[in-house]
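Geometric and topological summary
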Amino acid sequence: MFLSKFIKNRKDKKLNKYIYENLKNDYTVIDIETSGLNPEKNEILELGAVRVRDNIVVAEYEQLIRPRKSISKEATKVNGLTKRMLIDEPFVEDVIWDFKDFLGKDVLIGHNIEFDLEFIRNQLPIRNKYIDTLPLARKLLKIKRHRLIDICHHYKIPEPNHRSISDCNATHLCYQKMKEPLKKLETL
């Protein structure tokens, strides 16, 4: 996370220049759906990513994953995925390297991306730089909560359906909106 931790003092010109220079127009947004909240006990159920070039989505990666363990009722309530729905899908180890190939060396963007990366890192080493839109939103937006859905409502972006590609596209659009006030900092 090399961008959001630097947004502390908007009047520092060197800091503003750093922020502006690190706004990315080429990146890949990632999101996963899981069987629960614990990366040590729960599993990835869906991998999603959208590749962005010059601020435009140019490719998508979406893969459902067959779990070996049960899916918590809470997780199914959130993402709608059941073990029965995923019975014919590949196991995570059969597709995770394709996912990594899709990511390449891009800067990754995600909302609360640390959560996603903890699960992914249990499967493979990943060292991409990344930007988390959650701390960006907390610094930039004066709203009560900073869930992805709240940020979408703030920016009047269609509500995501808590599936990986939908969340990736919503995060991309939110990041685009959050970049605007950051770009203005460069001129201060």
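Placed above this text is the structure.
A brief look at the structure comes next.

Conventions adopted
- Residues numbered from 1 in each chain as written.
- Predicted model: local features only at pLDDT ≥ 70, side-chain atom pairs only at ≥ 80, totals over all residues.
- Heavy atoms only, no water.
- Buried < 20%, exposed > 50% of the residue type's maximum accessible area, 1.4 Å probe, protein only.
- Helix = DSSP H or I, 4+ residues; strand = E, 2+ residues; numbered from the N terminus.
- Pairing = 2+ DSSP bridges.
- Axes fitted to C-alpha atoms, helices over the stretch in contact; angles between N-to-C directions.
- Contact = heavy atoms within 4.5 Å.
- Salt bridge = Lys/Arg side-chain N within 4 Å of Asp/Glu carboxyl O.

**As for helix 6 (residues 148–155)**
- Residues of helix 6 that are buried: Leu148, Asp150, Ile151, Cys152 and Tyr155.
- Downstream of helix 6 by one or two residues, Lys156 has phi in the positive range, about 60 degrees.

**What about the side chain of Thr133?**
- In this structure, Thr133 sits in helix 5 (residues 133–140).
- Note on Thr133: relative accessible area 2%, which makes it buried.

**A look at the sheet that holds strand 3 (residues 56–64)**
- Here we have 5 strands laid out as an open sheet, ordered 3-2-1-4-5, and mixed in their pairing. The two strands at the open ends of the sheet, each matched to only one other strand, are strand 3 and strand 5 (130–132). The average undirected angle you get between the axes of adjacent strands in this sheet is 20 degrees.
- Sheet analysis places strand 1 (residues 27–34) next to strand 2 (residues 44–53), joined by 8 bridges and oriented antiparallel. Bridging across to strand 2, Thr28 finds its partner in Arg51.
- With respect to the sheet, helix 4 (residues 113–121) is in contact with strand 1, strand 2, strand 4 (108–110) and strand 5, its orientation differing from that of strand 1 by roughly 75 degrees.

**Comments concerning the environment of Ser70**
- Mapped onto the elements, Ser70 comes out in the loop between strand 3 and helix 2 (73–79).
- In the structure, Ser70 is positioned 27 residues away from Glu43 in sequence and 9.1 Å away in space, judged by C-alpha atoms.
- Beyond its immediate stretch of four places on either side in the chain, Ser70 contacts Ser35 and Lys83.

**Observations concerning the side chain of His172**
- Here His172 shows up in helix 7 (residues 164–185).
- When residues no more than four places from it in sequence are discounted, the contact partners of His172 are Tyr27, Val29, Val52, Asn55 and Val57.

**Things to note about the pattern of salt bridges**
- Tallied over the entire structure, the rule returns 4 salt bridges.
- Between Glu46 and Arg163 there is a salt bridge, and its shortest N-O distance comes to 2.9 Å. Of this pair, Glu46 sits in strand 2 while Arg163 sits in the loop between helix 6 and helix 7; the two residues are 117 residues apart in sequence, bridging distant segments of the chain.
- One salt bridge in this structure joins Asp106 and Arg53, with 3.0 Å as the shortest N-O distance.

**Some words on the pairing of strand 2**
- Burial of strand 2 is extensive: 8 of the 10 residues sit out of reach of the surface.
- As defined by bridge partners, strand 2 adjoins strand 3 across 8 bridges and the pair is classed as antiparallel. Following the sheet pairing, Gly48 is matched in strand 3 by Glu62.
- Between strand 2 and the antiparallel strand that follows it, strand 3, lie 2 residues; Asp54 among them carries a positive phi value of about 50 degrees.

**Here we look at unusual backbone geometry**
- One non-glycine residue with positive phi stands out, namely Asn55, at about 70 degrees.
- Position of Asn55 relative to the elements: it lies in the loop between strand 2 and strand 3.
- On the accessibility criterion, Asn55 (23% relative accessible area) is partly exposed.
- Phi is positive for Lys156, close to 60 degrees, though the residue is something other than glycine.

**Some remarks on the environment of Phe119**
- You can see Phe119 is positioned in helix 4.
- Of the residues examined, Phe119 reaches a relative accessible area of 2% and is grouped as buried.
- A C-alpha to C-alpha distance of 7.4 Å links Phe119 and Glu43, two positions 76 residues apart in sequence.
- The contact partners of Phe119, leaving out residues within four places of it in the chain, are Ile32, Thr34, Gly36, Leu37, Asn38, Pro39, Asn42, Glu43 and Ile44.

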